[in-house]
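Commentary on secondary and tertiary structure
Below, each chain spelled out in residue letters.
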Amino acid sequence: MAKLRINGQALEIAMDPATPLLWAIRDAANLTGTKQGCGGAGRCGACTVIVDGAAMLSCAVPIGSLEGADVTTIEGLANHPVTAALVAEEAIQCGFCIPGFACAAAALLQQNPRPSPEQVDALPNLCSCGCQPRLRRAIARAAGTMLAPAAPGPTPPPEIVPAR
């Protein structure tokens, strides 16, 4: 039984330790956003998730090697700037590659908030729809959002002090 955290939730996964993380995520955790694209060969990046802060191909890593690991899937990035940027840049066509691409981009931006175009192009994720230019723009937009200073919130109303 593998014990790990997926999207902040502690889970004990009762599967063979040789089971790829991809199937533990989909079948045991019932999170179906992570996709299998290349038959488990680790070539397309559709199954990319974030493990302990690093992008990882979930089809290529057995759960037995991840005891105590912290895993983030696309479901865990629901409020992340990368997902908002993907929508804003209209980078989602068929959507199949997007979960893995979003995880790879989020991990890249966590490690390097100002990635070069070459670093973005080096992501192992493939998009068969030809959305690469929009995907690149989405990463740049997310990086800008993450680096921008937080906007000041509304000024609180003056404190009301009762008269004495």
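What you see is a predicted model, and the numbers here were worked out from it, not measured in a lab.

**Some details on the overall build of the protein chain**
- Tallying secondary structure elements over the protein chain gives five helices and five strands in all.
- Each helix (α) and strand (β) of the protein chain, taken in turn from the N terminus, gives the series β-β-α-β-β-β-α-α-α-α.
- In terms of its C-alpha atoms, the protein chain occupies a principal-axis envelope of roughly 70 × 40 × 25 Å.
- Classification of the 164 residues of the protein chain by burial places 38% in the buried group.
- Sequence separation of 24 or more characterises 61% of the internal contacts of the protein chain that already satisfy a separation of 6 or more.
- Each charge sign in the protein chain was given a centre, from 11 positive and 12 negative side chains, and these centres are 7 Å apart.

**Some remarks on the nonpolar core**
- The biggest cluster of nonpolar side chains holds 27 residues, and the ones touching the most others in it are Val82, Leu86, Leu135 and Ile139.
- Put simply, the parts of the chain that give this core at least two residues each are helix 2 (81-88), helix 3 (98-111) and helix 5 (132-147).
- For this core, the element with the most residues is helix 3, which contributes 10 residues.
- Once residues lying within four places of it in the same chain are set aside, the contact partners of valine 82 are Ala102, Ala105, Ala106, Leu109 and Ala142.

**Side note on the pairing of strand 3 (residues 48-51)**
- Burial along strand 3 is two-sided: Thr48 and Ile50 and Val49 and Val51, pointing in opposite directions, are all buried.
- Across four bridges, the pairing between strand 3 and strand 4 (residues 54-57) is antiparallel. For threonine 48, the partnering residue across the bridge sits in strand 4 and is leucine 57.
- Counted between consecutive antiparallel strands, the loop separating strand 3 from strand 4 contains two residues, among which aspartate 52 sits at a positive phi close to 50°.
- For strand 3 and strand 5 (residues 70-72), the ladder comprises two bridges, and the chain directions are antiparallel. Bridge pairing links valine 51 to valine 71 in strand 5.

**Overview of the sheet that holds strand 2 (residues 9-13)**
- Read from one edge to the other, the open sheet built from five strands follows the order 2-1-5-3-4, with strand pairing classed as mixed. Strand pairing shows two members of the sheet lacking a second neighbour, strand 2 and strand 4, which therefore form its edges. Averaged over all adjacent pairs, the angle separating strand axes in this sheet is 40°, with direction ignored.
- Pairing of strand 1 (residues 2-6) with strand 2 involves five bridges; the strand directions are antiparallel. If you follow lysine 3 over to strand 2, its bridge partner there is glutamate 12.
- Along the sheet face, helix 1 (residues 21-28) touches strand 1, strand 2, strand 3 and strand 5 and points at about 95° away from the line of strand 3.
- Along the sheet, helix 3 contacts strand 3, strand 4 and strand 5; its crossing angle with strand 3, the most-contacted strand, is approximately 35°.

**Quick look at the side chain of threonine 83**
- Structurally, threonine 83 is set in helix 2.
- A polar contact is formed between the side chain of threonine 83 and the backbone oxygen of leucine 77, at a distance of 3.0 Å.
- Among the polar contacts made by the side chain of threonine 83, one reaches the main-chain carbonyl oxygen of histidine 80 at a distance of 2.7 Å.
- Contact partners of threonine 83, with chain neighbours within four places excluded, come to Ile74, Leu77 and Ala78.

**Thoughts on the environment of tryptophan 23**
- You can see tryptophan 23 is positioned in helix 1.
- Here tryptophan 23 falls in the partly exposed class, since its relative accessible area comes to 29%.
- For the pair formed by tryptophan 23 and cysteine 59, sequence separation is 36 residues and the distance between their alpha carbons is 7.7 Å.
- Not counting residues within four places of it along the chain, the set of residues in contact with tryptophan 23 comprises Met15, Ala28 and Gln36.

Scoring rules and cut-offs
Every chain is numbered independently, its residues counted from 1 as its sequence is written. Residue-level local features of this predicted model are given only where pLDDT is at least 70; pairs of side-chain atoms are given and counted only at 80 or more, and the full residue set underlies all totals for whole chains, interfaces and linings. As a convention, hydrogens and water are excluded, and side-chain values are obtained from all of the structure's heavy atoms. Note on conventions: DSSP H or I runs of at least 4 residues are helices, E runs of at least 2 residues are strands, and numbering of each starts at the N terminus. Accessible area is worked out with a 1.4 Å probe on protein chains only. A residue is then buried under 20% of its type maximum, exposed over 50%, and partly exposed in between. Residues count as neighbours in contact if any of their non-hydrogen atoms are within 4.5 Å of one another. The sign given to each residue is positive for Lys and Arg and negative for Asp and Glu; His and the chain ends receive no count. Charge placement uses NZ in Lys and CZ in Arg. For Asp and Glu, CG and CD serve respectively. We define the nonpolar core as a collection of buried residues of types Ala, Val, Leu, Ile, Met, Phe, Trp, Tyr and Cys that are connected through side-chain atoms lying within 4.5 Å of one another. The rule for pairing is simple: two strands pair if DSSP sees at least two bridges between them. Axes here refer to lines fitted to C-alpha atoms; in helices the fit is confined to the stretch in contact. Angles between the N-to-C directions go from 0 to 180 degrees. Each polar contact in these results corresponds to two N or O atoms within 3.5 Å; when the atoms are within protein, one needs to be able to donate a hydrogen and the other to accept it, and residues that are neighboring in sequence are counted only if both atoms are side-chain atoms.

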